[in-house]
Amino acid sequence: VPALMQRYPGLLRLDLLQARLQLAAGDRPAALAILNRLTEAGDDPGVAIEARKLLAGILMDQGDVAAAKRHIAVVLAQRPSDADALIARAALTLAAGDTEAAIRDAEAALAARPEAVKAIELLARAFVRSGDRAAAIDRLERICAAALSAEDVQQIRQLFEARGLEEVNCTPFETSENQLP
């Protein structure tokens, strides 16, 4: 198999796909085995990073926060502005009660990927927990200004309402092209 991997590097990407399919089928042990092998193989750094991000998500779901943090730290050491890794670290730090770090990571994720709804959700949760509603509303309104579509605006409004921030105003930022129905 290693010789095949060297001759056909795209097979590593197929392994990543297979791990995702195993996860979708509910076979976490098989997915973990594939992902662990991909992180250790060293054949393709990009595949290893994607495998680490998937592993971190699985480990977070299983409650193994320390292992998830280790994988996210490796990803961010290699790709400091990786939006997925920043979102994962924001979730971990928010769960640990560090709202300031969660806000920094969620904002960095949004700088890397402005349409990242999960980062917006984490940012809203962190602001609500921090108790600074005025800053929360101000920043979240600026995020709303960057919403690209009516669907994005609707998702953002739902997040705000779910977090008790109904007074965030998205209306001035909507254009005729992205009006809600």
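The present account deals with the structure reproduced in this document. Given the structure is predicted, the values throughout are model-derived calculations rather than measurements.

Here the focus is the packing of helix α6 (residues 83–95) against helix α8 (residues 117–130). Where α6 contacts α8, the axes come no closer than 10 Å and their chain directions differ by 25°. With respect to each other, α6 and α8 are oriented roughly parallel. With respect to the hand of their crossing, α6 and α8 are arranged in left-handed fashion. On α8, the residues that touch Ile87, Ala90, Ala91, Leu94 and Ala95 of α6 are Lys118, Ala119, Leu122, Arg125, Ala126 and Arg129. For the contact of α6 with α8, the class distribution of residues is 8 nonpolar, no polar and 3 charged.

Right, let's talk about the nonpolar core for a bit. In this structure, Leu110, Ile120, Leu123 and Leu140 are the most contacted members of the largest nonpolar core, which totals 34 residues. Listed by contribution, the elements that provide at least two residues to this core are α4 (45–62), α5 (65–78), α6, α7 (99–112), α8, α9 (133–145) and α10 (150–162). Once you skip the residues sitting within four places of it in the chain, leucine 123 turns out to touch Ile103, Ala106, Glu107, Leu110, Leu140 and Ile143. Counting residues in hydrophobic clusters, the runner-up holds 11 residues, among them Leu16, Ile34, Leu35 and Ala51.

Attention now goes to the pattern of salt bridges. Within this structure, the stated rule accounts for 10 salt bridges. With a shortest N-O distance of 3.0 Å, lysine 53 and aspartate 82 are connected by a salt bridge. Of this pair, lysine 53 sits in helix α4 while aspartate 82 is found in the loop between α5 and α6, placing the two residues 29 residues apart along the sequence. Comparing lysine 53 with aspartate 82, the two get one shared label, buried. Aspartate 105 is the salt-bridge partner of arginine 89, the closest N and O atoms lying 2.8 Å from each other. Separated by 16 residues along the polypeptide, arginine 89 in helix α6 and aspartate 105 in helix α7 bring together distant segments of the chain. Overall, the relative accessible area of 7% leaves aspartate 105 in the buried class.

Turning next to a nonpolar patch on the surface. On the surface, a nonpolar cluster with roughly 300 Å² of combined accessible area is contributed by Leu14, Leu17 and Leu21. Looking at the secondary structure, you find leucine 21 in helix α2 (residues 10–24).

The first and last C-alpha atoms of α6 sit 18 Å apart over 13 residues, in line with the 18 Å expected at 1.5 Å per residue. Buried residues along α6 sit in contact with α4, α5, α7 and α8. Where α6 begins, the capping side chain belongs to aspartate 82, and its oxygen is found 3.1 Å from the backbone nitrogen of aspartate 84.

Time to look at the side chain of threonine 99. Position of threonine 99 relative to the elements: it lies in helix α7. Under the relative-accessibility criterion, threonine 99 is labelled buried at 16%. Apart from residues lying up to four places away in sequence, threonine 99 is in contact with Leu94, Ala126, Arg129 and Ser130.

Criteria and cut-off values
- Residues numbered from 1 in each chain as written.
- Predicted model: local features only at pLDDT ≥ 70, side-chain atom pairs only at ≥ 80, totals over all residues.
- Heavy atoms only, no water.
- Axes fitted to C-alpha atoms, helices over the stretch in contact; angles between N-to-C directions.
- Helix = DSSP H or I, 4+ residues; strand = E, 2+ residues; numbered from the N terminus.
- Parallel < 35°, antiparallel > 145°, perpendicular 65-115°, else oblique.
- Left-handed = near helix turned anticlockwise from the far one by under 90°.
- Contact = heavy atoms within 4.5 Å.
- Nonpolar A, V, L, I, M, F, W, Y, C, P; charged D, E, K, R; others polar.
- Core = buried A, V, L, I, M, F, W, Y, C linked by side-chain atoms within 4.5 Å.
- Buried < 20%, exposed > 50% of the residue type's maximum accessible area, 1.4 Å probe, protein only.
- Salt bridge = Lys/Arg side-chain N within 4 Å of Asp/Glu carboxyl O.
- Patch = residues over 30% accessible without salt bridge, like charges linked within 9 Å, V, L, I, M, F, W, Y side chains within 5 Å.
- Areas by Shrake-Rupley, 256 points an atom, 1.4 Å probe, with all protein chains shown as cover.
- Expected span 1.5 Å × (residues − 1).
- Polar contact = N/O pair within 3.5 Å; in protein donor to acceptor, adjacent residues only side chain to side chain.

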